[in-house]
Each structure stands twice: as C-alpha cells, then as structure tokens.
Amino acid sequence: MKFTDLNPKREIGAHSLLVELGEFHLLVDGGMSPKDVGLASLPDYTRIPSDSIDLILLTHCHLDHIGSLPCVHRSQPSARVLMTPASGEILPVMLQNSYTVMLRQRDEKNVEEYPLFSRPEVDAVLGDFFPMHFGRTREFVKNGDRLKITFFPSGHVMGAASILLEHGGKKYFFTGDILFRRQHTLGGAQIPSMKVDTLIMETTRGLAEHPQNFLYEEELARLLASVIRTIKGGGSCLLPVFALGRMQEVITLIYEGRKRGILPGGFPIYCSGLGLAVVDVFEKIMRNRKKYGVDYTAQDPIVPPVRQDLRHRLAPSDEWGFRKRILTALNVRPLPRNRIKAGVDIRRPSLFIVSSGMLVENTPAYQVASSLLSFPHNLIAFTGYCDPDTPGGRLLALGPGDSFAFDALEFATTIRARVEHYDASGHADREDLLHMAHEMGPSSVVLSHGDGGARSWFENALQLALPTAKIINPEPQETYEI
Ligand SMILES: [Zn+2]
Ligand SMILES: [Zn+2]
C-alpha cells in the first residue's frame, strides 16, 4: 500500500488520506479545517491527477472529514462515493449548511474564493453515492485486481464507520473517528475481533488522561448540576457543541434532568439551525432503524479492558436513540442571532446549546459567548475537544479576571463568567485504542487525526505494546510504502 496524508498540517482538521492498493486509487475522507479560512482550509489535492480516483470512502459527516468533498469530487468523475446509508442522509445537510456559511463569510471576512463549491456540486456527490451497510462486504474489480471493502460501526456519531480493506491477501483497517463507549444517542463501536496487517488509527486523545475512577455518566451529572446552579442563580448557560452528535447528546441530558424533576422549567432553550436540521435527519433514520442498519452488532466485538464504566459500553442492545419529540417536550427554539449583542447580558436566564463546539469565530456559540462572558452569574461549559488555536481553546487556557478578545467582533472583555470543561468526548480513550491495536496485532500502524503531542504519546506507547511493529507518524503530504 502507498499511503499519503493529504492534511497539510499534523493536526485535526483537513482530514484526507490518499491510498494506492494495486490497481486501485482510493481517497479516505475529504475534510476541511474548521479553524482555517478559504483555500488554506483544504487538504493538498494538487497531487491527485484528475480522473485518477476510483473510490472515495467516507468515514462520517463531521466537516473535518467531508467539508471539501465536492472540491475533490469535481475533478474525479469516475469515483464512486462510499458511505453508510445514514451518512448519505446527513451529508447533504452538512454540506448545504457549509455552502451557506461560506457565502456569508465571503462578505463578512472578504474571502474571495468562497464558496469553494456550489449546490449542484453537492448534488453531484450524491449522484455517485454507493451505500455501504455495516458488516456487508463489497468486492470491487479493476483490470483483474480485486479489493474487498467492509464498513463497521465506529460509534462517535450517527452513521460513522471504521473501514476494512482486503487486498492481495492483506488486511488494512482504518479506525476513522471511533468511540467504544455507548452514548445516550448512539451505540458504541462494533469492530469484530480480527488480525490485520496495517492499522491506520485516530489519535485525538493521546494527551487526555482520565482519573482512575472516571465515569462518563458522573461527568454528565456534574455538567447538569452546574447548569441547574446557573439557571437558579439567574444566569444563562452556553454549551458550545458540534451540531452533529454532541448537540443531540447534550439535549438528551437536559431532557433527562427535566424528566427527573431536578432541572426547573420556565427558561428558554435555544439551538442553532444546523443542529435542528440534523435532528430532522436523525428522526428519519430512527423511524427506519432497520433500513439504515444502524443497529448492527458484531458477533465477537473488540471490547476495551474492564473499567468501571464498561457497563455503558457493553450494552449495544440497550435502548439508545434520539427522537424529535424531545425538542417539542423542551420547547427548543432556534437561536435569535440578531438579538444577541457582544457585552450585553441576556436579560432572562436562558440555555444555549449551539455550535461550534470550539467557539470558532462568527458561529452562533462565538456570538453568545461574547454576550455572556463579562458577567459572573453566567456559565460557558465545553464538553468536547477544543483545538488550542481556536477561540474555545484560548478561552480554556485563560482564567477568571484575564482579558479575552473576540477579534471577529472587535470586542474585548474581562472573563467573569464561569468557564468549565467536561470530558464528554466522542473519541475513544487512548487506553481503548491501545487495546484495539494490541488485539489486531498489526505489523505496521499509521497515526493520523491528532495533534503532534497526541501522536507522540501513541508512537511511544504503541512501540512498547507492539515491539515488532513499525509505527509510522507520517509527515504531511509525504508518501509511504507500507
Ligand atoms: Zn468526527
Ligand atoms: Zn474528526
């Protein structure tokens, strides 16, 4: 296999992997960096000759995996686009929203090259959609060469897949973004126990250490308690979230609090438009779970080592899901963006569950934060990964009394609101990934989707766990023969 990481930076962002296997030229994901603007947010597609890709494999629909797909697809007319049926529903919602955001940013930020793709180009991607049901192997033949492909549930978000390639008697496994633990809205990863030759793995949480007694459910309970305290104290809460996955998970938490009678009613709850559009798609998928195959369970799945929260991972058959009626029960409303002003407090205690999760500039969460941050009765609580170079990452690195600048709004203020971080990540713990690597016994491991420090941690840990394996921490844009 020839392997090239097309992400120009060694970090989470414009995720795209070029893979050459015999006669086959494949692309795994076509992402976009959320913190960069314009052409700088794209993977390096310049090295891909036009009409050379046979298959584009999509792991899931976060923008760091699909945000630039129409850009690369337009020069690859023969490529079929493989993804799960659920991803096939979510993808147009995410890309059409991205198109609208780029149109707005062209004016606001003066980015001439925006939008990077058109609406018909999103439709064209769907025209080449080849659905991959979990656990169902498909064989592709090119010039007599054969390639088998199987998608497995990777947890993380609805429709997300890990991908197995079988070619020339060898197995190559791509984790994609993966989470073994069950969430309220989604089951955990279902990866069958198997030996592979090469493992290409995400490394997002290489630097995230859990205390021994960490429990996901307790972390969520702490978050809920903080929200309740804030609302009762007359303040407002901002929970910055990714519109796909995390938002629905957090709304479920709020709903549980309301149902158990510990979260008072009588205050408005606002969500961003994209998150609400995603809910409509979830509803469609949940009504037809069988058709979309979202309940697939592996016969002999890889299960991470026993820890206290194992019970949350071991129960794929447990009830999970997200239904639109939760939004009705909570009377969730779309965010009134024009009523929210930097430095002007929200008069009535409110709860904002809006994107982006990393407080990227000009997003609804960024705007709400500029309103809440100056007042001590308010709360801003992050629940997932924040890149240190994003406004969210910068805010988390500061403390009370420090000054924080909302550059895009030309507004600076003193941090007086409570700023908290809860570990409710949608990515596997590093120990779980090490366990997976150990179970699969690969002769080579390729690291991807992580910051430099996170990859270094995995490089060392994997070398100890798999002493005979070759651990590759690839240079961006360099081709490796594996
Ligand atoms: Zn993701
Ligand atoms: Zn990702």
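In short, a report on the structure. As the structure is a computational prediction, the values presented were derived from the model and not from experiment. (Residues numbered from 1 in each chain as written. Chains lettered and ligands numbered in written order. Predicted model: local features only at pLDDT ≥ 70, side-chain atom pairs only at ≥ 80, totals over all residues. Heavy atoms only, no water.)

A word on the pattern of salt bridges. Working definition: two side chains of opposite charge can pair if their charged atoms are close together. The tally for this structure, following the rule as stated, stands at 23 salt bridges. Notably, a salt bridge pairs Arg-47 with Asp-44, separated by 3.4 Å at the nearest N-O pair. The partner of Asp-107 in a salt bridge is Arg-106, and the shortest N-O contact between them spans 4.0 Å. (Salt bridge = Lys/Arg side-chain N within 4 Å of Asp/Glu carboxyl O.)

At this site the zinc ion (ligand 1) is bound by His-60 (NE2), His-62 (ND1), His-156 (NE2) and Asp-177 (OD), with donor distances of 2.1 to 2.4 Å. Donor residues binding the zinc ion (ligand 1) come from one chain and are separated in sequence as H-x1-H-x93-H-x20-D. Metal-to-metal, the separation of the zinc ion (ligand 1) and the zinc ion (ligand 2) is 3.4 Å; Asp-177 coordinates the two. On the criterion of sequence distance, the pair formed by His-60 in the loop between β4 (55–57) and α1 (63–66) and His-156 in the loop between β8 (145–153) and β9 (161–167) is long-range, its members being 96 residues apart. The class of His-156 is buried, set by a relative accessible area of 5%. (Donors = N, O, S within 2.8 Å, 3.2 Å for Na, K, Ca; no water. Helix = DSSP H or I, 4+ residues; strand = E, 2+ residues; numbered from the N terminus. Buried < 20%, exposed > 50% of the residue type's maximum accessible area, 1.4 Å probe, protein only.)

Listed as protein donors to the zinc ion (ligand 2) are Asp-64 (OD), His-65 (NE2), Asp-177 (OD) and His-449 (NE2); their distances from the metal cover 2.1 to 2.2 Å. Coordination at the zinc ion (ligand 2) is irregular, judged from the four donor atoms that bind it and the angles of 88 to 165 degrees they form at the metal. Counting along the primary sequence, the residues that act as donors to the zinc ion (ligand 2) give the motif D-H-x111-D-x271-H. Classification of Asp-64 as buried rests on a relative accessible area of 12%. (Tetrahedral: all angles 85-135°; square planar, octahedral: opposite > 155°, others 65-115°.)

If you trace the six strands from one edge of the open sheet to the other, you get β14-β13-β15-β12-β16-β19, paired in parallel fashion. Of all strands in the sheet, those bounded by a partner on one side alone are β14 (332–334) and β19 (418–421). Neighbour-to-neighbour, the strand axes of this sheet turn through a mean angle of 20 degrees, independent of strand direction. Bridge analysis of strand β13 (residues 269–271) against β14 gives three bridges, and the strand direction is parallel. By the bridge assignment, Ile-269 is partnered in β14 with Val-332. Against the sheet, helix α6 (residues 246–259) touches β12 (237–240), β13 and β15 (351–354), its axis set at about 150 degrees to β15. (Pairing = 2+ DSSP bridges. Axes fitted to C-alpha atoms, helices over the stretch in contact; angles between N-to-C directions. Contact = heavy atoms within 4.5 Å.)

In spatial order, the strands read β6-β5-β4-β3-β2-β1-β22; together these seven strands make up an open sheet with mixed pairing. Only two strands of the sheet have a single partner each, and these edge strands are β6 (129–131) and β22 (479–481). Direction aside, the axes of adjacent strands within the sheet are offset by 25 degrees on average. Pairing between strand β2 (residues 17–21) and strand β3 (residues 24–28): five bridges, direction antiparallel. Paired with Leu-21 across the two strands is Phe-24, which belongs to β3. Sitting on the sheet, helix α3 (residues 85–108) touches β5 (80–83) and β6, and the angle it makes with β5 is about 110 degrees.

What follows covers unusual backbone geometry. Residues Tyr-114 and Pro-115 are joined by a peptide bond in cis, for which omega reads -10 degrees. Following the sequence through the fold, Pro-115 ends up in the loop between α3 and α4 (119–127). The residue after Ser-355, namely Ser-356, is reached through a cis peptide bond having omega 15 degrees. Within the chain, His-156 stands out as a residue other than glycine whose phi angle is a positive 65 degrees. Non-glycine residue Asn-331 carries a positive phi angle of around 55 degrees. Tracing the backbone through its elements, the reader meets Asn-331 in the loop between α9 (325–330) and β14.

Time to look at the nonpolar core. Counting 79 residues, the largest nonpolar core has Met-158 and Ile-353 as its most contacted members. Here this core takes eight residues from helix α7 (residues 273–287), the largest share from any one element. Here this core gathers at least three residues from each of two domains, domain 1 (2–208 + 426–481) and domain 2 (216–421). When residues no more than four places from it in sequence are discounted, the contact partners of Ile-353 are Leu-239, Val-241, Met-247, Val-250, Ile-251, Ile-254, Ile-269, Tyr-270, Cys-271 and Ser-272. Residues Phe-140, Leu-147, Ile-163 and Ile-472 belong to the second largest nonpolar core, which totals 27 residues. (Core = buried A, V, L, I, M, F, W, Y, C linked by side-chain atoms within 4.5 Å. Domains from an automatic or database assignment.)

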